[in-house]
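Descriptive structure summary
What follows is the residue order along each chain.
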Amino acid sequence: MGILPHYKLYQDNDPKHNAHICRLCPLYHCLQVIRTPAQSPDLIENIWNNLNNRIRQFKISSKNELREKLMSEWDKIEGNVCVNLMKSIPKRLNEVIKCKAGPTHY
């Protein structure tokens, strides 16, 4: 799969992540899996949207090309994007409390 040893897989407990193959794959390809509750207001969705927008500019025709572009574009994500997401954590946590751990608008 080409996942580097220091990478961590961040995965909420959404039912689609609990499929048999989704549970087996990280065992073989990822040293650390971070699980959170389903519907948690996670920061990773914002990063994935950013990454998705970046790779849509390419005409990708194979899994290897997709992997290469994902890793290349991941490395290009600006630090300020992550800083802004980190700064939003208190607001997100307050929203979780307000929604009694249910879905939030994040």
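Residues numbered from 1 in each chain as written. Predicted model: local features only at pLDDT ≥ 70, side-chain atom pairs only at ≥ 80, totals over all residues. Heavy atoms only, no water.

**Here's the deal with the overall build of the chain**
To keep things clear, this is the line we draw: Strands are runs of DSSP state E lasting at least 2 residues, helices are runs of H or I lasting at least 4, and numbering of each runs from the N terminus. We call a residue buried when its accessible area falls under 20% of the maximum for its residue type, exposed when it is over 50%, and partly exposed in between, using a 1.4 Å probe and counting protein chains only. The contact definition used throughout considers only heavy atoms, calling two residues in contact when any of these lie within 4.5 Å. For the area figures, the Shrake-Rupley method with a 1.4 Å probe applies, and any residue is considered shielded solely by the protein chains shown.
A count of helices and strands for the chain gives 5 helices and 2 strands. Reading the chain from its N terminus to its C terminus gives the helix and strand order β-α-β-α-α-α-α. Looking at the chain residue by residue over its 106 residues, the buried ones come to 20%. A separation of at least 24 residues holds for 57% of the contacts in the chain among residues at least 6 apart in sequence. Total accessible area on the chain stands at roughly 8,000 Å², and carbon and sulfur atoms take up 59% of it.

**Describing the packing of aromatic side chains**
Put simply, the test is: Pairing of aromatic rings covers Phe, Tyr and Trp, the last through its six-membered ring, and needs centres within 6.5 Å; plane angles under 30 degrees mean stacked, over 60 mean edge-to-face, and all others mean tilted. In this analysis the charged atom, NZ for Lys or CZ for Arg, is taken to sit over a ring once it is within 6 Å of the ring centre and within 35 degrees of the ring normal.
Under the counting rule described, the total for this entry stands at 1 aromatic pair. Geometrically, the ring pair formed by Trp48 and Trp74 is tilted, given 6.0 Å between the ring centres and 45 degrees between the ring planes. Taken together, the positions of Trp48 in helix α2 (residues 44–55) and Trp74 in helix α3 (residues 63–75) put the pair 26 residues apart, joining distant regions of the chain. The ring centre of Phe58 lies 4.1 Å from the NZ or CZ of Lys69, which sits over that ring.

**Some words on the pattern of salt bridges**
Rule in force here: Any carboxyl oxygen of Asp or Glu that lies within 4 Å of a side-chain nitrogen of Lys or Arg is treated as forming a salt bridge with it.
Scanning the entire structure with this criterion turns up 3 salt bridges. Of the charged contacts, one joins Glu78 and Arg54 as a salt bridge, the two residues approaching to 3.1 Å between their closest N and O atoms. Separated by 24 residues along the polypeptide, Glu78 in the loop between α3 and α4 (79–87) and Arg54 in helix α2 bring together distant segments of the chain. Given a relative accessible area of 37%, Glu78 falls into the partly exposed group. Ionic pairing is found between Lys76 and Glu73, a salt bridge with its closest N-O pair at 3.2 Å. The buried category is assigned to Glu73, whose relative accessible area is 5%.

**As for the packing of α4 against helix α5 (residues 89–98)**
Note the cut-off: Between the N-to-C directions of two axes lies an angle of 0 to 180 degrees, each axis being a line fitted to C-alpha atoms and, for a helix, fitted only over the stretch in contact. The classification used treats Ala, Val, Leu, Ile, Met, Phe, Trp, Tyr, Cys and Pro as nonpolar, Asp, Glu, Lys and Arg as charged, and all other residues, Gly among them, as polar.
With their axes 5 Å apart at the nearest point, α4 and α5 run at an angle of 40 degrees to one another. Across the interface between the two elements, Leu85, Met86 and Lys87 from α4 touch Ile89, Pro90 and Arg92 from α5. Among the residues making up the contact of α4 with α5, the classes are represented as 4 nonpolar, no polar and 2 charged.

**Here's the deal with the environment of Lys76**
Relative to the elements of secondary structure, Lys76 occurs in the loop between α3 and α4. Here Lys76 falls in the partly exposed class, since its relative accessible area comes to 47%. Sequence separation between Lys76 and Arg54 is 22 residues, and the spatial gap between their C-alpha atoms is 9.5 Å.

**Side note on the environment of Asp75**
Its place among the elements puts Asp75 in helix α3. On the accessibility criterion, Asp75 (60% relative accessible area) is exposed. Note: C-alpha distance between Asp75 and Leu51 (24 residues apart in sequence) is 10.0 Å.

So far we have only geometry, and geometry alone does not tell us how the molecule works.
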